[in-house]
Amino acid sequence: MKFNKLNTVIFIGLLAIVGVIIMQLFLLNQAYIFEKRDTEDKIHFALQDVVEKIYQDNNSEMPVSNPIKKVSANYFIVNVNDVFENRLLEHYLKTEFDRVKLELDFEYAIYDCSSESMVYGNYISVNGKPSKMCAECFPKNTDLTYYFAIRFPHLQKGYFTSLSQYWVFTGVLFLVLIIYVYSVFLMLQQKRYTELQKDFINNMTHEFKTPLASILIASNYANSQNEILSHPKLSKYMQIIINQSNKLNQHIEKILYVAKTDSNQIALEKTKVDLRAVLELVKENIQLKHPTAIKMAITIAKPYILFADEFHFYNLIYNIIDNAVKYAENSAKIEINAKETAKGLQLEFTDQGIGIPEKDLPFVFDKFYRVTRQDNKDIEGFGIGLSYVKRVCEWHKWQVWVQNNADRGITVSVQINTNDYE
């Protein structure tokens, strides 16, 4: 697949989202490290103050060395090296942890040197919910005589809980990345299907045109022979073959135009175009196609010269009028007006046909969309005429819209920019 603009935009967008997620993960890691350091500092300072109070109660001096030892991430040993009461210790622990705002469950145990075991323990819950203490989680340390151990069973969980908002942001970013990747996958898949569809249409239409051209050549030649001309019924049949072949050729050309416009292969060749001359030419050709089924009136105050692609501009007008004829009940009556407005030159194509249901108005310019008739009359074509009209207007940077008339029929308006006519 070619690395075109779409792929570049997708790649840049993907890099940007991945970059943001990496940055978010980095910030999350830094926040985790900060939260862990802050919690450990609170524990250390609180335990240090507990030791100081115990020494003050015993009228002893604090040792020079640090009495607090971190054994594991959630397990600490405090060497008091002096006697102390278990109830007083619990009171000091609660008080100091509250003072540093350490809202964590903890359990403690005191080493009894006489029995050489950890005794006088308790589990302290922040929310007051009773819990059983883990006695086997306090191994004894024979190197110390007077010490107590403290354990925080939910310390790791507390880190993640305090970082909940970071986890939410990270989860949202991951969700955005997943949605983006899935959307890109669908977009690329749709693009592939579209390219296959265009190739199929191009190949099939060209395959149709080759035998159709042979049919038209042979039919025109046969129609000019005396044997056919002298036989009215054969001449009539031959003319039907020619007319239907020409109609089929027009449909194939329309499909080719749609495939070509979808692949952006259209290049406008703007020249000076006489508006009235183009309208008269369209009128003449439409009346040749529908000699008894159309009446057209052209009202233009003065001659206008447009700066447009003459070929596509002709097709634009032809498709609008041809569409009006298709949806006329009997004979079509079409009025074409040109008037200048503040935005430029406005062309109005007004018919007196069956109109368009309000629910269908927003979709009439969509490709392959066809408005059904109430009388169930079959309408020829593929529903690409008005879609082509809109594309031509977009190429010229004009505007086109359709609205129902007050009495009956519709009016298709084309707004031509001020700098596109004189």
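Summarised in this report is the structure supplied together with it. The shown structure was predicted, so the numbers you read here are calculated from the model rather than taken from an experiment. Think of each chain on its own: its residues are numbered from 1, step by step along the sequence as written. Side-chain atom pairs in this predicted model are given and counted only at pLDDT of 80 or more, local residue features only at pLDDT of at least 70, and totals for whole chains, interfaces and linings cover all residues. Computation of side-chain values: all heavy atoms of the structure, hydrogens and water removed.

**Overview of a nonpolar patch on the surface**
Among the surface-exposed residues, Leu14, Val18, Ile22 and Val181 lie close enough to one another that they form a single nonpolar patch of about 300 Å² accessible area. Helix and strand definitions here come from DSSP, where helices need a minimum of 4 consecutive H or I residues and strands a minimum of 2 consecutive E residues; each element is numbered from the N-terminal end. Per-element tally for the nonpolar patch: the top contributor is helix α1 (residues 5-57), with three residues. Tracing the backbone through its elements, the reader meets valine 181 in helix α4 (residues 164-223). Residues enter patches when their relative accessible area tops 30% and they take part in no salt bridge; the joining distance is 9 Å for like charges and 5 Å for the nonpolar side chains Val, Leu, Ile, Met, Phe, Trp and Tyr. Working definition of accessibility: Shrake-Rupley area with a 1.4 Å probe, residue cover restricted to the visible protein chains. Whenever Lys or Arg places a side-chain nitrogen within 4 Å of a carboxyl oxygen from Asp or Glu, that contact is recorded as a salt bridge.

**Comments concerning the packing of aromatic side chains**
Ring pairs shown here join Phe, Tyr and Trp side chains whose ring centres sit within 6.5 Å, with only the six-membered ring taken for Trp; geometry is labelled stacked below 30 degrees between planes, edge-to-face above 60, and tilted in between. Scanning all chains against the criterion turns up 10 aromatic pairs. Geometrically, the ring pair formed by phenylalanine 76 and phenylalanine 152 is edge-to-face, given 6.1 Å between the ring centres and 85 degrees between the ring planes. On the criterion of sequence distance, the pair formed by phenylalanine 76 in strand β2 (residues 75-79) and phenylalanine 152 in the loop between β5 (147-151) and α3 (155-162) is long-range, its members being 76 residues apart. Centre to centre, the rings of tyrosine 111 and tyrosine 147 are 5.0 Å apart; their planes meet at 15 degrees, and the pair counts as stacked. You can see tyrosine 111 sitting in strand β3 (residues 106-112) and its partner tyrosine 147 sitting in strand β5, a full 36 residues away along the chain.

**Things to note about the nonpolar core**
Nonpolar core, defined: a set of buried Ala, Val, Leu, Ile, Met, Phe, Trp, Tyr and Cys residues in which side-chain atoms within 4.5 Å join the residues together. The cut-offs for exposure are 20% and 50% of the maximum accessible area for each residue type, with area from a 1.4 Å probe on protein chains only; residues under the lower value are buried, those over the upper are exposed, and the others partly exposed. If you look at the biggest cluster of nonpolar residues, it comprises 49 residues, and the most contacted ones within it are Leu275, Phe313, Ile317, Ile321, Phe349 and Val414. Per-element accounting of this core gives the leading share, nine residues, to helix α8 (residues 310-326). When checking whether two residues touch, look at their non-hydrogen atoms; a contact exists if any pair is within 4.5 Å. Not counting residues up to four positions away in its chain, the partners in contact with valine 414 are Leu316, Ile320, Leu345, Gln346, Leu347, Phe349, Cys393, Trp398, Gln399 and Val400. Of all hydrophobic cores here, the second largest spans 27 residues; its members include Leu47, Phe76, Leu93 and Phe106.

**Brief notes about the sheet that holds strand β7 (residues 294-300)**
Note on pairing: two strands pair once DSSP finds at least 2 bridges between them. One open sheet holds the five strands; their spatial order is β7-β9-β10-β12-β11, and the pairing between them is mixed. Taken across any chain shown, the strands that pair with only one partner, and hence form the sheet edges, are β7 and β11 (399-404). On average, each strand axis in the sheet is inclined to that of its neighbour by 15 degrees, with strand direction left out of account. The pairing of β11 with strand β12 (residues 410-417) spans six bridges and is antiparallel. Directly across from glutamine 399, in β12, lies its bridge partner glutamine 415. What counts as an axis is a line fitted to C-alpha atoms, over the stretch in contact for a helix, and the angles between N-to-C directions run from 0 to 180 degrees.

**So, the pattern of salt bridges**
Across all of its chains, the model carries 12 salt bridges by this definition. Close ionic contact of arginine 151 with glutamate 107 constitutes a salt bridge, the shortest N to O distance being 2.3 Å. Separated by 44 residues along the polypeptide, arginine 151 in strand β5 and glutamate 107 in strand β3 bring together distant segments of the chain. Here arginine 151 matches glutamate 107 in class, with each residue buried. A salt bridge links lysine 302 to glutamate 340; the nearest nitrogen and oxygen atoms lie 3.4 Å apart. Taken together, the residues lysine 302 in the loop between β7 and β8 (305-309) and glutamate 340 in strand β9 (residues 332-341) connect sequence positions 38 residues apart.

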